[in-house]
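Report on the structure
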Amino acid sequence: MNRTKQALNETFWQLLEEMPYSRITVKEIVDRCQVNRNTFYYHYQDIPALAEATMQAWVNEIVEDHFNFGNPQDCLVPLVEGCIARKKAILHIYRSVQREVFLSHLSSLIGHAVGVYAEGVKDTLGADLETLPVLCHFYKCVGMGLVLDWLDQNMRYDMPEFLETICGLLQGFTQNALLRPPEGLPPV
């Protein structure tokens, strides 16, 4: 990513920390970046396009930095830590008209994390390939539900601690499910 685009993305995150999405203007972005409006429009069609690109870059960064996930908890913790680091910004996006875009990226990120984890489990256990997509879908839905509940609660509870507790309670669940022969699995 070139410097100007990176500056626009970083400025967008900064402004989201300060105000709701609906109050951010191109003028505020370009003034803070010290570039002209034409420069903004050279890179982005409008603020929604900037928001989309910024969220995609954030998701890509998490995926690149945490590509190998060792257990279900490891799948969600990098996402949660990223949300905590940008708490106000994430909540402003979550409560904005860009919510659907945010949820799409969130779902993609959780799906990727679960898929990477599942590949590792499959390789180490020699797991049943018929059962794996069903479990991946289950974990993606659970992960989305947990993160959405946490966001709905304004990130008030300690999600990393909660994930540690849940994963401790469910330890061995995935391995047992993968080693059990499938019986009439629904399509995913």
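See above for the structure.
The structure contained in this document is the topic of the report that follows. (Residues numbered from 1 in each chain as written. Predicted model: local features only at pLDDT ≥ 70, side-chain atom pairs only at ≥ 80, totals over all residues. Heavy atoms only, no water.)

Comments concerning the overall build of the protein
We count it as follows: Counting from the N terminus, the helices are the DSSP runs of H or I reaching at least four residues and the strands are the DSSP runs of E reaching at least two. Throughout this description, buried means an accessible area under 20% of the type-specific maximum (1.4 Å probe, protein chains only), exposed means over 50%, and partly exposed covers the range between. The criterion used for residue contact is that any of the two residues' heavy atoms lie within 4.5 Å. Using a 1.4 Å probe, the Shrake-Rupley method yields the accessible areas, and only the shown protein chains count as cover for residues.
The secondary structure content of the protein amounts to 10 helices and zero strands. Element order for the protein, N to C, with α for helix and β for strand: α-α-α-α-α-α-α-α-α-α. For the protein, the proportion of its 188 residues judged to be buried stands at 39%. Nonlocal contacts in the protein, meaning residues at least 24 apart in sequence, comprise 73% of its contacts between residues at least 6 apart. Taken as a whole, the protein presents about 10,500 Å² of accessible surface, with 51% of it coming from carbon and sulfur.

Let's talk about the packing of helix H8 (residues 132-152) against helix H9 (residues 159-169)
Worth spelling out the cut-off: Note on definitions: angles span 0 to 180 degrees between N-to-C directions of axes, and those axes are lines fitted to C-alpha atoms, for helices only across the stretch in contact. The handedness criterion is simple: a crossing whose near helix is rotated anticlockwise from the far helix by less than a right angle is left-handed, and one whose near helix is rotated clockwise is right-handed. Residue classes follow a fixed rule: Ala, Val, Leu, Ile, Met, Phe, Trp, Tyr, Cys and Pro count as nonpolar, while Asp, Glu, Lys and Arg count as charged, and any other residue, Gly among them, counts as polar.
It is at 12 Å that the axes of H8 and H9 come closest, and there the two elements cross at 145°. In this structure, the crossing between H8 and H9 has a hand that is right-handed. Here Leu146, Val147 and Trp150 of H8 lie close against H9, whose contacting residues are Met159, Phe162 and Leu163. Of the residues contributing to the contact of H8 with H9, the split by class is six nonpolar, no polar and no charged.

Thoughts on the packing of helix H1 (residues 3-18) against helix H6 (residues 87-94)
Counted only if it meets this: Small angles under 35 degrees read as roughly parallel and large ones over 145 as roughly antiparallel, with 65 to 115 read as roughly perpendicular and the rest as oblique.
In the contact formed by H1 and H6, the axes pass within 7 Å of each other and the chain directions differ by 85°. By the criterion of interaxial angle, the relationship of H1 to H6 is roughly perpendicular. Of the residues in H6, those in contact with Phe12, Trp13, Leu16, Glu17 and Glu18 of H1 are Lys87, Lys88, Ala89, Ile90, His92 and Ile93. Residues belonging to the contact of H1 with H6 are distributed by class as follows: six nonpolar, one polar and four charged.

What to know about unusual backbone geometry
Unusually for a residue other than glycine, Gln34 sits at a positive phi of about 60°. At Met155, a position not held by glycine, the phi torsion is positive, near 55°. Looking at the secondary structure, you find Met155 in the loop between H8 and H9. Judged by relative accessible area, which is 7%, Met155 ranks as buried.

Observations concerning the nonpolar core
Heads up, the rule is: Residues belong to one nonpolar core when they are buried, are Ala, Val, Leu, Ile, Met, Phe, Trp, Tyr or Cys, and are joined through side-chain atoms within 4.5 Å.
Formed by 47 residues in total, the largest nonpolar core has its most connected members in Phe12, Ile29, Phe40, Trp58, Leu79, Phe102 and Leu151. Elements with a contribution of two residues or more to this core: H1, helix H2 (26-33), helix H4 (47-65), helix H5 (72-85), H6, helix H7 (99-125), H8 and H9. Other than its neighbours up to four places away in sequence, Trp58 contacts Trp13, Leu79, Gly82, Cys83, Arg86, Ile90 and Phe102.

Overview of the pattern of salt bridges
The line we're drawing: Note on definitions: salt bridges are taken to be side-chain nitrogens of Lys or Arg within 4 Å of carboxyl oxygens of Asp or Glu.
By the definition in use, this model includes two salt bridges. Across the pair Arg32 and Glu18 runs a salt bridge, and its minimum N-O distance is 2.8 Å. Remark: Glu18 occurs in helix H1 and Arg32 occurs in helix H2; sequence separation between them is 14 residues. We classify Arg32 as partly exposed; its relative accessible area is 37%. The exposure class assigned to Glu18 is partly exposed, which follows from its relative accessible area of 47%. Of the charged contacts, one joins Asp31 and Lys27 as a salt bridge, the two residues approaching to 2.8 Å between their closest N and O atoms. Of this pair, Asp31 and Lys27 both sit in helix H2, four residues apart, which is roughly one turn of that helix. Given the relative accessible area of 46%, Asp31 is considered partly exposed.

Notes on the packing of aromatic side chains
Selection criterion: Planes of paired rings set the category: under 30 degrees apart is stacked, over 60 is edge-to-face and the rest tilted, where pairs are Phe, Tyr or Trp rings (Trp by its six-membered ring) whose centres lie within 6.5 Å. Throughout this description, the term charge over a ring refers to an Arg CZ or Lys NZ atom that lies within 6 Å of the ring centre and within 35 degrees of the ring normal.
Tallied over the full model, the rule gives seven aromatic pairs. When the ring of Phe12 is compared with that of Tyr21, the centres are 6.2 Å apart and the planes differ by 85°; the resulting orientation is edge-to-face. For the pair formed by Phe12 and Tyr21, the shared burial category is buried. Ring centres of Tyr94 and Phe102 lie 6.2 Å apart, and the angle between their planes is 75°; on these two criteria the pair is classed as edge-to-face. Here Tyr94 and Phe102 have matching classes, each one buried. Taken together, the ring pairs in this structure connect Phe40, Tyr41 and Tyr44 into an aromatic cluster. Here the basic side chain of Arg86 rests over the ring of Trp13, its NZ or CZ set 4.2 Å away from the ring centre. The ring centre of Tyr94 lies 3.9 Å from the NZ or CZ of Arg99, which sits over that ring.

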